[in-house]
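Chains, contacts and geometry: an overview
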Amino acid sequence: MTANEMKGADMGRLSRSGRTTGLVTMGVIVGGALAWSGVSAAEHLSRTGAAQRVTVVTESRKVPHGYLDTNVVCPKGQRAISGGYAYYGDHNLEKPLIVEENAPGRTSDKPDAVADAWNLFFLNSKDKTITVEVHVICMPID
């Protein structure tokens, strides 16, 4: 997806492949330049040589009927610069998967702590447990 397509896309919208993705399209500062998170951020990082320093953490989560409050944590000494989720199940407009939170977070209560995790809060109105992939993109803290 290009940056122009991302501008017009809604977070959590059904993609061409039939899966819902939730990479956040917020601006982040990377190496002094404004970049869009997700695919465009990866393109920017590879052009600036910072891609060798990027770590992507992907984990699987089970979301029961109801809700799941979860996060994905960066390796020690790294900060979260982007993140999101992917859901590969059936899409029913009557009983959708709703993502209430899809944002950077911290594992520390210290006021000056850096964002080292990606927080997600899912509401599952389906009658069954579903599986989602959750992601965080991390860079070393300089």
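Located above this text is the structure these notes cover.
Heads up: these notes are all about the structure in this document. (Residues numbered from 1 in each chain as written. Predicted model: local features only at pLDDT ≥ 70, side-chain atom pairs only at ≥ 80, totals over all residues. Heavy atoms only, no water.)

1. Re the environment of V56
Inclusion rule: Secondary structure elements follow DSSP: runs of H or I no shorter than four residues count as helices, runs of E no shorter than two count as strands, and numbering proceeds from the N terminus.
Its location among the elements puts V56 in strand β4 (residues 55-63). Each C-alpha atom, one on V56 and one on S82, is 9.4 Å from the other, the two residues being 26 residues apart in sequence.

2. Some remarks on the sheet that holds strand β8 (residues 117-124)
This is how the line gets drawn: Criterion used throughout: strands pair if DSSP finds at least two bridges between them. Where helices are involved, their axes are fitted lines through C-alpha atoms of the stretch in contact, as for all axes, and angles between N-to-C directions lie from 0 to 180°.
Ordered in space as β5-β8-β7, the three strands form an open sheet in which the pairing is antiparallel. Edge positions in the sheet fall to β5 (66-73) and β7 (97-105), since each of these pairs with one other strand and no more. Between one strand axis and the next, the sheet turns through 15° on average, direction left out of account. Of the strand pairs in this sheet, β7 and β8 are connected by eight bridges, and their pairing is antiparallel. The residue bridging A103 from the neighbouring strand is N119, located in β8.

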